[in-house]
Amino acid sequence: SWSFNATSEIYIAAWSDIYIAQGFLAQFSSASLGTLLTGDARWRVYATGAARTTGAAHPLAAEIATDVQAADTLGAWEQTYVGVNNGAGPWGEIVGQIANITTDARWIWHNTPGAVDPTTSSLGRGELLVFSVTVPTPAAAFAVALAPFARRTRRR
C-alpha cells in the first residue's frame with residue numbers, strides 16, 4: 001500500500017516476461033475518485049512496443065512521459081482487456097487472493113491480438129504497457145493497494 005497525491009492522471013507502467021501469464025491488479029481510493037478498481041471501464045492502456053524482460057529496470061519517468069505523449073498524439077489509448085477477479089483461477093491457483101484488494105478488482109492487460117485471454121497467454125510477452133486513468137479534480141491523496149503479480153513471476 002502507498003499514499004500519494006495525483007493531480008489529473010495516474011500512469012502505471014507494466015510489462016510481461018518470457019513466462020505464461022501477465023496482469024495488473026490494483027485498488028485506489030480517494031475523495032474525488034471514490035474507489036477505483038482495475039477492471040473499471042475508466043482504465044485505458046497504451047502498448048508502447050518497447051520490450052522489457054524479467055529483471056529489467058523499471059522505465060524512468062521521462063520514458064513514460066514520452067510514451068504518454070505518443071499515445072495522446074497518435075490517439076492510441078485503448079480499452080483494457082478485463083480478466084478474472086482477484087482470487088479467481090488461474091491467478092488464485094498460483095498466487096491466491098491478493099490481500100488488501102477486494103475480490104471485485106479484476107486483472108487487466110492489453111488486448112493482445114490472437115490471445116483468447118491475454119492475462120493467461122504469452123503471446124504479448126516483452127511489451128511495455130502504460131495504463132492510465134483520469135483523476136477528477138480536486139485530487140486528494142490516494143491510498144493504493146497494488147499487486148502486480150502473475151503466474152510464476154511478479155509483475156511491475
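1. Description of the nonpolar core
Point 1. Ranked by size, the top nonpolar core spans 16 residues in total, and within it Ile10, Ile12, Phe24, Phe28, Trp43 and Phe131 carry the most contacts.
Point 2. Listed by contribution, the elements that provide at least two residues to this core are β2 (9-15), β3 (26-30), β8 (106-109) and β9 (127-134).

2. Some details on the confidence of the model for the protein
Point 1. Across the protein, the average pLDDT comes to 80, with 76% of residues at 70 or higher.
Point 2. Looking at the elements of the protein, mean pLDDT is at its lowest for strand β10 (residues 141-146), recorded as 53, and at its highest for helix α1 (residues 61-74), recorded as 96.
Point 3. Predicted confidence is poor over residues 147-156, with pLDDT under 50, and the contacts of this stretch with residues over four places away or in other chains come to 44 contacts.

3. So, the pattern of salt bridges
Point 1. Under the criterion given, the structure shown has 3 salt bridges.
Point 2. Where arginine 42 meets aspartate 40, a salt bridge forms, and the shortest distance between an N and an O atom there is 3.0 Å.
Point 3. According to the relative accessible area criterion, arginine 42 is partly exposed, its value standing at 41%.

4. Some remarks on unusual backbone geometry
Point 1. At asparagine 100, a residue that is not glycine, the phi angle is positive and equals roughly 70 degrees.
Point 2. With respect to the element layout, asparagine 100 can be found in the loop between α2 (91-94) and β8.
Point 3. Classification of asparagine 100 by relative accessible area gives exposed; the value is 62%.

5. With respect to the environment of asparagine 111
Point 1. Take asparagine 111: it is sitting in the loop between β8 and β9.
Point 2. The exposure class assigned to asparagine 111 is partly exposed, which follows from its relative accessible area of 42%.
Point 3. Sequence-wise, asparagine 111 and glutamate 78 are 33 residues apart; in three dimensions their C-alpha atoms are separated by 8.5 Å.
Point 4. Those residues in contact with asparagine 111 that sit more than four places away from it in its chain are Tyr81 and Pro118.

6. Details of the sheet that holds strand β5 (residues 44-51)
Point 1. Here 4 strands make up an open sheet; going across it, the order is β2-β9-β5-β6 and the pairing antiparallel. Since the sheet does not close on itself, it has two edges, and those belong to β2 and β6 (78-79), each with one partner.
Point 2. Sheet topology places β5 next to β6; 2 bridges connect them, and they run antiparallel. Considered in β6, the bridge of valine 45 is made with glutamate 78.
Point 3. On top of the sheet, α1 reaches β2, β5 and β9; it is set at about 120 degrees to β5, its chief contact.

Reading the values: the criteria
Residues numbered from 1 in each chain as written. Predicted model: local features only at pLDDT ≥ 70, side-chain atom pairs only at ≥ 80, totals over all residues. Heavy atoms only, no water. Core = buried A, V, L, I, M, F, W, Y, C linked by side-chain atoms within 4.5 Å. Buried < 20%, exposed > 50% of the residue type's maximum accessible area, 1.4 Å probe, protein only. Helix = DSSP H or I, 4+ residues; strand = E, 2+ residues; numbered from the N terminus. pLDDT = per-residue confidence, 0-100. Contact = heavy atoms within 4.5 Å. Salt bridge = Lys/Arg side-chain N within 4 Å of Asp/Glu carboxyl O. Pairing = 2+ DSSP bridges. Axes fitted to C-alpha atoms, helices over the stretch in contact; angles between N-to-C directions.

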